[in-house]
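# Remarks on the overall topology
The residues making up each chain are set out below.
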Amino acid sequence: MVKRATIIAVLVLSLISSCYGQVTVGYYNNKCGTKDVESIIRGVVQARFSYEAAIVAFLLRLQFHDCLGDKQCDASLLLAGPGSEQTAVPNFTVKGYDLIDAIKAALEQECPGVVSCSDIIAAATRDAVVLAGGSYYDVPMGRKDGLVGLASNVDLPPPDISVANAIQYYGKVGFSALETVVLLGGHTVGVTHCSVIKDRLYNYKGTQSADPDLDAFYVFFLGNIICHNDPNAVDMFVFLDSPDSVLTVDNSYYKMLLAHKGILPIDNAIAFDPSTSGYVNDLANNNDYFLDLFGKTIVKMGLIGVLTGNQGEIRQVCSKTN
């Protein structure tokens, strides 16, 4: 299985390289006077990470929702206002906007009108992934920012999507089944809320009991310690990975799945569906393999529907068009 998956990974990398077009690694070299654009971005991310390591989860989710929400990596998610993408239900809990604004302000001070908000998202996410233990990956840049961001254009998969439908969803933007499983690996630093999984804990498919696929001890822990079957209870956070690894980008998430501790229905499903279970096993057994593929898959995601050349603009402020 590893051999087959490795061949697929090589093909993925080849496809990524051929799709760069006007988006290239090192795009901002010598475009900000004597300053290094990526170093400025990295410095702001490092400062934030030093006291809020969860920023890696915020940025991964922000990039995911920006690129896949409307199938364009154009920072349209950053546009604020009535009817914007931010007002779509799946985006209610997206965070990290303030960090992108801080990076943008730092860059505008050094070289006004040069660096797009969409490139900031991609580079900042990479830097946070590395700080959280992930492998470094080059980020091709040169994106322009979109002019429109509408809630009505947002189409993101629900947490209870079936494996077949998930593969179909991601396949529409060029991802294989393996890449779908790797993208879900972003849950290694993810969280959800008790309200999202309450049916799995208390009333799975109307049975008045927990999902039998969930580890019994984990059901007790989640159902009695973290969550409570009470409509007036605080809607607590639930880690999608092991609590001792939730701030680290690693393959622990896949190990949790194999131990029947997948929190979201889709997490649990990919571990045991015949079309994806082999990939989950491979990734669970080789952290370096996961980290390598994760970086490459995030790069590929960051190329979805990019605007370049005369398309779009470079916003002066990320939350509004010029």
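Throughout, a residue's number is its position along its own chain's written sequence, starting from 1. The model is predicted, so local features are restricted to residues of pLDDT at least 70 and side-chain atom pairs to those at 80 or more, both for listing and for counting; the totals for chains, interfaces and linings are taken over all residues. With hydrogens and water stripped out, all remaining heavy atoms of the structure feed into the side-chain values.

In the annotation of an unreviewed UniProt entry, the entry for the chain reads Peroxidase, and the organism field reads Rhynchospora pubera. UniProt positions are given in the numbering used here, feature names are shortened, and annotations may be inferred rather than shown by experiment. You can read under Subcellular location (unreviewed entry) in the UniProt record for the chain the words "Secreted". Entered under Catalytic activity (unreviewed entry) in the UniProt record, the comment concerning the chain runs "2 a phenolic donor + H2O2 = 2 a phenolic radical donor + 2 H2O".

Across the 8 residues of helix 12 (residues 277-284), 7 count as buried, placing the element largely inside the fold. All of the buried residues in helix 12 are S277, G278, Y279, V280, D282, L283 and A284. Relative accessible area decides the class of each residue, using a 1.4 Å probe on protein chains only: under 20% of the type maximum gives buried, over 50% gives exposed, and in between gives partly exposed. In DSSP terms, a helix is any run of H or I states spanning at least four residues, a strand is any run of E spanning at least two, and both are numbered starting from the N terminus.

What follows concerns the UniProt feature "binding site: Ca(2+) 1" (unreviewed entry) in the chain. Mapped onto this numbering, the UniProt entry gives "binding site: Ca(2+) 1" (unreviewed entry) at D66, D74, S76 and E85. Taken together, the annotated residues stretch across 20 residues yet fold into one region, lying no more than 12.1 Å apart by C-alpha. Mapped onto the elements, D66 comes out in helix 3 (residues 55-69). By secondary structure assignment, the location of S76 is in the loop between helix 3 and helix 4 (97-110). Other than its neighbours up to four places away in sequence, S76 contacts D66, D70, E85, V148, G149 and R315. A contact between two residues is defined here by any heavy atoms of the two lying within 4.5 Å.

Here a salt bridge means any side-chain nitrogen of Lys or Arg lying within 4 Å of a carboxyl oxygen belonging to Asp or Glu. Going through the model one piece at a time under the given rule, you end up with 11 salt bridges. For R126, the salt bridge goes to E38, with nearest N and O atoms at 2.7 Å. A residue pair is termed long-range when its members are at least 10 positions apart, and R126 in helix 5 (residues 117-131) and E38 in helix 2 (residues 37-49) qualify at 88 residues. There is no split in this pair, since R126 and E38 are both buried. The residue R126 makes a salt bridge to D127 at a minimum N-O spacing of 2.8 Å. The residues R126 and D127 share a single accessibility class, namely buried.

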